[in-house]
Amino acid sequence: MWLAVLSTIADASAADSDRFALQRMVRGDHDALAEVYDRHARLLYSLALRIVGRQPDAEDVLQEVFTQVWRQAGRYDTSRGSVAGWLVMLTRSRALDRLRRERGEPPAADVDWAAIDVVDPGAGADLRLVTAEQAARIRAALEALPDAQRVPLELGYYEGLSQSAIAGRLGVPLGTIKTRMRQALLRLRDALAETAP
Amino acid sequence: MSAVPLDHDAVREQIALHAIGALPPDERSAVESHLRGCTECAAELASLVPVSAALAQIVPAHEPPAALRGRVLAAAKVTARASTRRSMAAWAPWLAAAAMLVVAAGASFYAADLRAEVRTLQAQLRVALDRAADGERRVAVALRTVADAEAPLAVLIAPDVRRIDLAGQPVAARASGRAFWSRSRGVVLTATNLPALPPGRTYQLWFVTSAAPVSIGLVKPDASGSVRRLVDSRGDFPEPVAVAVTIEPDGGVLAPTGDKYLVGAAQ
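Residues numbered from 1 in each chain as written. Chains lettered and ligands numbered in written order. Predicted model: local features only at pLDDT ≥ 70, side-chain atom pairs only at ≥ 80, totals over all residues.

Caption draft 1: Layout of the overall build of chain A. Within chain A, the secondary structure is distributed over nine helices and zero strands. Moving toward the C terminus, one meets the helices and strands of chain A in the order α-α-α-α-α-α-α-α-α. Evaluated residue by residue, chain A yields a buried proportion of 48% over its 197 residues. Restricting to contacts in chain A with at least 6 residues of sequence separation, those with at least 24 account for 67%. (Helix = DSSP H or I, 4+ residues; strand = E, 2+ residues; numbered from the N terminus. Buried ≥ 20, exposed ≤ 12 C-beta atoms within 10 Å, placed from the backbone. Contact = placed C-beta atoms within 7 Å.)

Next comes the structure, spelled out in structure tokens:
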């Protein structure tokens, strides 16, 4: 009976391999870093490219992220969330830092993902990735949002613009921007909840 | 700007933006300090964080350039893992700045003296820090050696240890093995007569659970086909119904694909 079970593919197994790879990195095993790269580089590169826009910059971001993972493997508490979630947040953080540098802003001036760089993703935060099915639902929900909500959210999330910068760019009062971004996020959360088993 | 205390309703309004890291620093720290004492707001945040992860996952997919892999891995390879040298690096500019301040005060003769002294002290500090770092490294290595030796024993004498006998399968009829598993302390695998691995292949140890096989780790036997090693696996996976060793491509795989070499039922 278990022979059939043996051939089942499970996310739990991938998450387990990631945690195991992190432990191996602490012991100086470079192959473990290569494994993690092979599992996640496509998603991380796609995210970096979406944020920084140019291929060479996206490559630099990935290099920074994996160097940081190698350096900090022993300091990441894997019980706090999945390694993949951590990698995604690191990538977004490094990519946004790069955009801010280009705009002449100090890194993490308004969005401080550096706070989760080391260990602590914040109270109650759970850095797990969503399933492919949930991601598809979120994509549909995002596309279904009115532009007035979707555009500020995308400017904040993918370009790291502060709310006042978004308000300035769109010519909309700051309070309105805050409300619309919040409404957009709550709509997306509802979409996510619909897919929960 | 320092954090201004916020009431519950005001924080509640900001949690969604906090979840995607979109609050300015002053508002963020006010929200964070409220979160520490408010389970309701913490739960609200927890429900919104997956939205942030999902937004990262829905970007258009692009294949990274093939050459990037080598570049990224090479860059990491030359990067030292977190070390104690940082403290010296932090000191040096401070000392230099102190020397410059004295110069600016106008007592240039005295300052030159001081600067020389600072330079000497800097050099001495560097040597001392190097020695300290070296000493720390040696202690760390020694501690690790002891820990490595003790860990398998800790598994074998754990109150919750279980023994699972593994039998050689048709591809390795002479092989046999045993897994000792303690949920709190890890897994020790011993095996004999495992066939030599062809290049580019590895053995991989699996716990077959009611849900799916969980990879416990990679296993390379010595020249005689023997394995005696601790696999540090203290995951929260469900109880195994069986334990198996399969042959897989180097680096391991997420779910078993190759022939089974050792199998045992976990009673």
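From this point, the discussion proceeds with the structure in view.
Caption draft 2: Spatial organisation of the nonpolar core. Residues A:Ala48, A:Leu62, A:Val88 and A:Leu185 are the most contacted members of the largest nonpolar core, which totals 76 residues. Looking at which element gives the most residues to this core, the answer is helix α3 (residues 30-52) of chain A, with twelve residues. In this structure, A:Leu185 is in contact with A:Leu153, B:Ala16, B:Ala19, B:Ile20, B:Leu48 and B:Val51, ignoring residues within four places of it in sequence. B:Ile164, B:Ala191, B:Leu194 and B:Leu218 belong to the second largest nonpolar core, which has 34 residues in total. (Core = buried A, V, L, I, M, F, W, Y, C linked by C-beta atoms within 7 Å.)

Caption draft 3: Main features of the interface of chain A and chain B. The interface is formed by 70 residues belonging to chain A together with 65 residues belonging to chain B. Per-element tally for the side of chain A that touches chain B: the top contributor is α3(A), with 14 residues. Looking at the side of chain A that touches chain B, its residues break down into 36 nonpolar, 16 polar and 18 charged. (Nonpolar A, V, L, I, M, F, W, Y, C, P; charged D, E, K, R; others polar.)

Caption draft 4: Looking closely at the pairing of strand β2 (residues 176-182) of chain B. All names here are of chain B. Two strands pair when backbone bridges link them, and strand β1 (residues 162-168) and β2 are joined in this way by six bridges, in the antiparallel orientation. If you follow Arg-162 over to β2, its bridge partner there is Trp-181. Alignment of β2 against strand β3 (residues 186-192), held across seven bridges, turns out to be antiparallel. Of the residues in β3, the one forming a bridge with Ser-176 is Thr-192. Counting the residues that bridge the hairpin from β2 to β3 gives three residues. (Pairing = 2+ DSSP bridges.)

Caption draft 5: Structural context of unusual backbone geometry. All names here are of chain B. Although it is not a glycine, Asn-193 sits at a positive phi angle of roughly 60 degrees. Along the chain, the position of Asn-193 falls in the loop between β3 and β4 (201-209). Look at Asn-193 and you get partly exposed, because 15 C-beta atoms sit within 10 Å.

Caption draft 6: Representation of the environment of B:Gln14 within the structure. Residues and elements named next belong to chain B. Mapping Gln-14 onto the fold places it in helix α1 (residues 8-19). Of the residues examined, Gln-14 has 20 C-beta atoms within 10 Å and is grouped as buried. Once the C-alpha coordinates of Gln-14 and Arg-28 are considered, the two residues, 14 residues apart in sequence, prove to be 8.8 Å apart. If we skip the residues at most four places from it in the chain, Gln-14 touches Leu-23, Glu-27 and Val-31.

Caption draft 7: Main features of the sheet that holds strand β8 (residues 260-265) of chain B. Residue and element names in this part refer to chain B. Within the open sheet, the eight strands sit side by side as β5-β4-β7-β8-β1-β2-β3-β6. Their pairing is antiparallel. Only two strands of the sheet have a single partner each, and these edge strands are β5 (213-219) and β6 (227-231). Here the strands of the sheet are splayed against their neighbours by 20 degrees on average, with no regard to which way each runs. Bridge analysis of β3 against β6 gives five bridges, and the strand direction is antiparallel. Bridging across to β6, Val-187 finds its partner in Val-231. (Axes fitted to C-alpha atoms, helices over the stretch in contact; angles between N-to-C directions.)

Caption draft 8: Main features of the pairing of β1(B). Sheet analysis places β1(B) next to β8(B), joined by two bridges and oriented antiparallel. Looking at the pairing, B:Gly168 lines up with B:Leu262 of β8(B).

Note that every value here comes from positions in space, so none of it alone points to a role or purpose.
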